[in-house]
Amino acid sequence: MSLCDWPGRISVVLFLGGCDLRCPTCHNSVLAWTPEQLPCVCPNDVHQYLEAKASWLDGLVISGGEATLSNDLPGWLAELRKRFVLPVKLDTNGMHPEVVEESLRLGVVDMVAVDVKGPLDMYPALTGNRVAPNQASACLDRIFDLAGEFPGRFMFRCTLVPRLESTDVDQVRRMLPAGFSLITQSFFEPRNGQKEEIPC
Ligand code: SF4
């Protein structure tokens with residue numbers, strides 16, 4: 001349960017394993033890269049927990065890892081929403097805009113929080129060489145178009161990781177569509193000590 005993952009709401013956060021990026025500063029690296037090392041929570045347990053708590057909650061946050069990689073995420077969210085009648089927030093790195101779009105068009109997400117890693121030319125360094133600048137540009141352009149189409153359903157965040165200067169953050173601000181402001185988050189060292197240096 002969380003009081004801060006969806007500001008203003010009491011939410012339950014479901015963390016889905018797996019991520020296709022390798023950010024050197026990742027906070028959930030075991031969950032993101034080797035989820036098989038962690039115990040699996042079976043869907044029935046999730047459902048029972050939500051059944052018991054739903055009346056106390058204002059929202060369900062789907063986080064990760066990268067949740068948009070999970071099989072049939074929109075279908076699963078539709079099922080959860082129908083069963084528990086809770087608004088849903090999706091946390092994403094924005095690199096799978098087609099899943100975000102499908103979820104929005106099906107009406108199964110109420111809020112999408114997109115982590116913008118930094119200026120486009122820093123994406124390779126900030127994502128462990130998993131995203132080239134042109135790929136980041138194409139994905140974020142689609143996300144920004146969706147934000148224009150679904151106003152009020154997006155928030156954009158940037159974590160102030162080492163090597164990100166204030167001028168870089170200003171550059172990210174300028175990338176956002178009109179009417180959106182950037183939420184900056186402080187960076188804390190991962191508790192498991194697995195942080196790697198961001199290459200120059
Ligand atoms: S996108 Fe998020 S979960 Fe994936 S590696 Fe980067 S910080 Fe970790």
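This text follows the structure it describes.
Bear in mind the structure is a predicted one, so any value in this text is a computation, not a measurement. (Residues numbered from 1 in each chain as written. Predicted model: local features only at pLDDT ≥ 70, side-chain atom pairs only at ≥ 80, totals over all residues. Heavy atoms only, no water.)

Asker: Report on a nonpolar patch on the surface, specifying residues and quantitative values.
Answerer: A cluster of nonpolar side chains, namely Met 1, Leu 3, Ile 10 and Tyr 49, defines an oily patch on the protein surface of about 430 Å² accessible area. Note that Met 1 resides in the segment before β1 (11-16). (Patch = residues over 30% accessible without salt bridge, like charges linked within 9 Å, V, L, I, M, F, W, Y side chains within 5 Å. Areas by Shrake-Rupley, 256 points an atom, 1.4 Å probe, with all protein chains shown as cover. Salt bridge = Lys/Arg side-chain N within 4 Å of Asp/Glu carboxyl O. Helix = DSSP H or I, 4+ residues; strand = E, 2+ residues; numbered from the N terminus.)

Asker: Can you break down unusual backbone geometry residue by residue, with the values?
Answerer: Of note, the amide linkage connecting Gly 64 to Gly 65 takes the cis form, showing an omega dihedral of 15°. Inspection of the secondary structure puts Gly 65 in the loop between β2 (59-64) and α3 (73-84). Phi at Asp 72 takes a positive value of approximately 45°, unusual for a residue other than glycine. Judged by relative accessible area, which is 53%, Asp 72 ranks as exposed. Even without being a glycine, Asn 129 presents a positive backbone phi close to 65°. With respect to the helices, strands and loops of the structure, Asn 129 is situated in the loop between α5 (123-126) and α6 (133-149). (Buried < 20%, exposed > 50% of the residue type's maximum accessible area, 1.4 Å probe, protein only.)

Asker: Any details on helix α7 (residues 166-175)? Residues and values, ideally.
Answerer: Side chains that are three or four residues apart share a direction in an α-helix, a result of its 3.6 residues per turn. Every buried residue of α7 is accounted for by Asp 168, Val 169 and Val 172. On an axial view of α7, the arc spanned by its buried residues comes to 100°, and they lie on one face. Facing away from the buried side of α7, by more than 90 degrees, are the exposed residues Ser 166, Thr 167 and Arg 174. Where α7 is buried, its residues touch β5 (154-160) and β6 (182-186). (Arc of directions from axis to C-beta. Contact = heavy atoms within 4.5 Å.)

Asker: So what's going on with the pattern of salt bridges? Which residues, and what values?
Answerer: Tallied over the full model, the rule gives 9 salt bridges. Taking the shortest distance from any N to any O, the salt bridge between Asp 91 and Lys 89 comes out at 2.6 Å. We note that Asp 91, like Lys 89, is buried. Put simply, Lys 89, Asp 91, Asp 115 and Arg 157 are held in one network by salt bridges that share partners.

Asker: A description of the pairing of β6 should follow, citing residues and the corresponding values.
Answerer: As paired strands, β5 and β6 are joined by 5 bridges and run parallel to one another. Looking at the pairing, Phe 156 lines up with Leu 182 of β6. You can see the chain leave β5, run along α7 and come back into β6, and the turn it takes is right-handed. (Pairing = 2+ DSSP bridges. Right-handed = clockwise from strand over helix to strand, strands pointing away.)

Asker: If you had to explain the site of the ligand to someone new, which residues and values would you point to?
Answerer: The full set of residues close to the ligand is Cys 19, Leu 21, Cys 23, Cys 26, Ala 32, Trp 33, Gly 65, Asn 93 and Lys 117. Its residues assigned to classes, the shell around the ligand comprises 6 nonpolar, 2 polar and 1 charged. (Near = heavy atom within 4 Å. Nonpolar A, V, L, I, M, F, W, Y, C, P; charged D, E, K, R; others polar.)

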